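Below are the chains, spelled out letter by letter.
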Amino acid sequence: MIPQYLVDFDLRDIPTVKTDCIVIGSGIAGLFTAIKASEDRRVIMITKKSVMESNTRYAQGGIAAVIAEDDSPAYHRQDTLMAGAGLCSSTAVDALVNEGPGGVHELIRLGTLFDKEDGVLALTQEGAHSHRRILHANGDATGYEIVRALAEQVAEHENIEVWDDHYVIDLITEGGECVGALLQRPGGGRLFLQGDATILCSGGAGQLYRYTTNPEVATGDGVAIAYRAGAHIRDMEFIQFHPTALSYPGAPRFLISEAVRGEGAVLRNINGERFMERYHDLLELAPRDIVARAIVSEMEHTKSTFVYLDITHESPEMVKHRFPTIYETCMGYGLDITSDWIPVAPAAHYMMGGIKTDLNGESTIPRLFACGEVSSTGLHGANRLASNSLSEAIVFGQRIIDRIHELSPLDRDVLSVNSNEGRVDSPTQAIVERRLKLQKVMVRYAGLRRNEEMLLKGLDELKRQLPIFGSALSKREEYEFANMLTCCLLVTESALAREESRGAHYREDYPQRDDDQWRKHLLQIRELGIVEELSDDV
C-alpha cells in the first residue's frame, strides 16, 4: 500500500514556521484565495517553481460567465450539465452559474483587463456552449493576463509571503485534521509549516501523459499528497484530452484554443476532407471528448499522426487580432495560420476528478481545502465544459475563504508527528527514465481509448514501480515521480472499475453509457480502496 508519508522525519528535529493560512500553488486558484484570505489573515503561498508558472498562465480560451443580456444562468446550467454527462453535482453547478458573474467582476476590480469591443466586454463562444459567454484577454492570452493582475496584487500585499522554489513533500495530520505541511527548501533542508487552514491549489496532472498541453510542473502533486493524508479522491478516471494541440516536428504540444473553432475554424483529415458531420450534429463545437475521439478515428483511418485545423477562410487581420499568441507561436515554427492549415492531435489537458470537497471547498479532512483543478467539487462531472475551470476557481475560492472565517485557530504546538519506515537506499534507476516510461504506459494503456486488457497491462507496469515508496527520496524530481505514480495508479484503477463509457472516459469493451448501473462516482480512499457514491445530478 502507498504509505502516508513519502519520507522519514520527526517534527521535533525540524524547524517550524507558523502562519494563519497556507496556500499551495500559484495559479488563479492560489492567487485569488491568497488575496482574499490576506484581508484579515497572514498567508504564506508555496510555489515549487515560481508564481508565474502554472496551468492558468497557459489558459487561452477564457473564462465562462453569464454577461450577455440574451444569456442566463439557466442556459449556462443546462450546458454544463449536458457536458458533464450525468455526473455533475447540480448544487455545484448552481453555485458556479449564479456566482460566476460576480467573480468575473471581482477579477476586473483586482486589475484584470478583459478584451472589449466598442466599450463592452467582448464575448466568444466555445464548444458545447449555447451562447457567447467566454470573456478573454489579449485575444488568446486570458490566463496570462489573470495571473499578471493577481500576481501584482499578491506582490503588494503585506499579509502575503511568497515562498518560491519550495516543495511540499507531505501534508501533516494530527487528531484527524490537517495542521500544515512538510516542505523542502531550495537548498535541500526541511521545515514544518503549521497553519490554521491549508488550501491546495496545486493544479492538474497533465504530465502523467507523454503528450500534454500542461507545463512541466503539472505532476499531480496535490492529489497525491491529499490521498496519502487520507482525503477522499473522486472521479480520477475522467481525464480530458484537448482535441487540438499542435502536432508538429520540433514543437511542444502547444494548445490551439477551442476558441479557434468557436470563431469558425474547421477540422479536416490529411486528405483535406471535413469529417465532424460523421460524428456529431454540433460538428467542430461538439463536446471535447467527442471531437478528440473523432480526430483519433480519422487519424487511424487515414494512417496519420494528425489532422488539420483550418481557419484560413477568415481574414488575416481577424486571426492575428483574435489569436496573437497562437499566431506568433506557430510562426516561430514556420506555420502561418492565416494561410496554412494547422496540424493538430489530442493531448492530455484537464483532470475532472481530484480531491473531493463540499460546496465550501473543504475536503474530507478538516482544515484541508482544495480549489481549482486539484479539487473535485462535482461541477465538471464526467467532462468539463470549456472555460468553466477558471470560473470554478473564483467561485469556490471565495466560498473557501467564507468557510475559513468560521474556523477556530489551532491552539497547540504540533511536535508529536513522525514517520520512521527505515528508508536508507536512494532510487537506483534514473528518475528521468522512469518518468518517461510512466508517461508512455499511460498513453498506451489508459489514454483516450481503454479496455480491460489494456488497463490490466497498464496496472501491471505501474505496480513494478511501487518500490520507489521504500526508497530514501531527497530530490524534487523523486517526489514528483512518486506523486505521478500515485496518480497514475488512481486513474488506471478507477478506469478499470468503471465498466461503461461516459464523458471523457471511453471503454471500447463497454462503449455505451449505462445510467442504470453507473450514474455514480468512484471514491478512492488510501485505507479502503474504491468506494461508490451516488451522483446528485438531476
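Procedures and definitions
Residues numbered from 1 in each chain as written. Predicted model: local features only at pLDDT ≥ 70, side-chain atom pairs only at ≥ 80, totals over all residues. Heavy atoms only, no water. Helix = DSSP H or I, 4+ residues; strand = E, 2+ residues; numbered from the N terminus. Buried < 20%, exposed > 50% of the residue type's maximum accessible area, 1.4 Å probe, protein only. Contact = heavy atoms within 4.5 Å. Areas by Shrake-Rupley, 256 points an atom, 1.4 Å probe, with all protein chains shown as cover. Salt bridge = Lys/Arg side-chain N within 4 Å of Asp/Glu carboxyl O. Pairing = 2+ DSSP bridges. Axes fitted to C-alpha atoms, helices over the stretch in contact; angles between N-to-C directions. Polar contact = N/O pair within 3.5 Å; in protein donor to acceptor, adjacent residues only side chain to side chain. Core = buried A, V, L, I, M, F, W, Y, C linked by side-chain atoms within 4.5 Å. Expected span 1.5 Å × (residues − 1). Arc of directions from axis to C-beta. Parallel < 35°, antiparallel > 145°, perpendicular 65-115°, else oblique. Nonpolar A, V, L, I, M, F, W, Y, C, P; charged D, E, K, R; others polar.

(A) Spatial organisation of the overall build of the protein chain. Scanning the protein chain from N- to C-terminus turns up 14 helices and 23 strands. By principal-axis analysis of the C-alpha atoms, the protein chain measures approximately 65 × 55 × 50 Å. Looking at the protein chain as a whole, 64% of its 538 residues qualify as buried. Residue pairs in contact within the protein chain that sit at least 24 positions apart in sequence constitute 73% of those at least 6 positions apart. Accessible surface, the protein chain: about 19,900 Å² in total, of which carbon and sulfur atoms supply 47%.

(B) Region of the structure containing the pattern of salt bridges. Summed over the entire model, instances satisfying the criterion amount to 48 salt bridges. Linking glutamate 298 and arginine 278 is a salt bridge whose minimum nitrogen-to-oxygen distance equals 2.7 Å. With glutamate 298 in helix 7 (residues 288–302) and arginine 278 in the loop between strand 15 (266–268) and helix 7, this residue pair connects regions lying 20 residues apart in the sequence. For glutamate 298, a relative accessible area of 2% translates into the label buried. On the basis of relative accessible area, arginine 278 is assigned to the partly exposed category, the value being 49%. The closest approach of N and O atoms between arginine 403 and glutamate 362, which form a salt bridge, is 2.9 Å. Here glutamate 362 lies in the loop between strand 18 (354–356) and strand 19 (368–370) and arginine 403 lies in helix 10 (residues 388–404), a separation of 41 residues in the sequence. Since its relative accessible area comes to 9%, glutamate 362 is described here as buried. A single salt-bridge network, built from bridges that share partners, covers Lys48, Glu216, Asp221, Arg435, Arg476 and Glu480.

(C) Seen up close, the sheet that holds strand 17 (residues 342–351). Reading across from one edge, 14-17-16-15 is the order of the four strands in this open sheet, with antiparallel pairing throughout. The strands lining the two open edges of the sheet, one partner per strand, are strand 14 (239–246) and strand 15. Going across the sheet, the axis of each strand differs from the next one's by a mean of 45 degrees, ignoring polarity. As defined by bridge partners, strand 15 adjoins strand 16 (residues 307–310) across three bridges and the pair is classed as antiparallel. Each residue of the ladder has a partner; that of valine 266, found in strand 16, is aspartate 310.

(D) Expanded view of the environment of glutamate 362. Residues glutamate 362 and threonine 377, 15 residues apart in the sequence, show an inter-C-alpha distance of 9.3 Å. Residue contacts for glutamate 362: discarding those within four places in its chain leaves Lys356, Thr357, Arg367, Leu368, Phe369 and Arg403. Within polar-contact distance, the side chain of glutamate 362 engages the side chain of arginine 403 at 2.9 Å.

(E) Geometry of the sheet that holds strand 22 (residues 520–525). Spatially, five strands are ordered 20-18-13-22-23 in an open sheet, and the strand pairing comes out mixed. Pairing within the sheet leaves two strands with one partner each, and these edge strands are strand 20 (375–376) and strand 23 (529–534). Sheet contacts for helix 13 (residues 476–497): strand 13 (233–234), strand 22 and strand 23; angle to strand 22, the most-contacted strand, approximately 140 degrees.

(F) Representation of the nonpolar core within the structure. Counting 78 residues, the largest nonpolar core has Phe9, Leu171, Ile172, Leu200 and Tyr209 as the members making the most contacts within it. The element that contributes the greatest number of residues to this core is helix 13, accounting for 12 residues. Setting aside chain neighbours within four positions, we find leucine 171 in contact with Tyr5, Ile24, Cys178, Gly180, Ala181, Thr198, Leu200, Ile225, Ala226, Ala229 and Leu368. In terms of nonpolar packing, the next biggest core, distinct from the first, is built from 40 residues, Ala34, Leu121, Leu150 and Ile160 among them.

(G) Local environment of helix 12 (residues 452–463). Taking 1.5 Å of rise per residue, 12 residues should cover 16 Å, and helix 12 covers 16 Å from first to last C-alpha, within 8% of that figure. Along helix 12, the positions that sit buried rather than exposed are Met454, Leu455, Gly458, Leu459 and Leu462. End-on view of helix 12: buried residues confined to an arc of 135 degrees, all on one side of the axis. Contact partners of the buried residues in helix 12: helix 11 (431–445) and helix 13. Regarding helix 12, its N-cap is asparagine 451, as a side-chain oxygen of that residue lies 3.1 Å from the backbone nitrogen of glutamate 453 further along.

(H) Quick look at the side chain of asparagine 483. Tracing the backbone shows asparagine 483 in helix 13. In contact with asparagine 483, other than residues within four places in its own chain, are Leu6, Tyr167, Thr219, Gly220, Asp221, Ala224, Ile225 and Arg228.

(I) Summary view of the packing of helix 11 against helix 12. The contact between helix 11 and helix 12 brings their axes to 9 Å, and the two run at 170 degrees. Classed by the angle they form, the pair helix 11 and helix 12 counts as roughly antiparallel. Taking contact as the criterion, the partners of Lys437, Leu438, Val441, Met442, Arg444 and Tyr445 in helix 11 are, on helix 12, Met454, Leu455, Lys457, Gly458, Glu461 and Leu462. Split into classes, the residues belonging to the contact of helix 11 with helix 12 amount to seven nonpolar, one polar and four charged.

These figures capture arrangement, not role.
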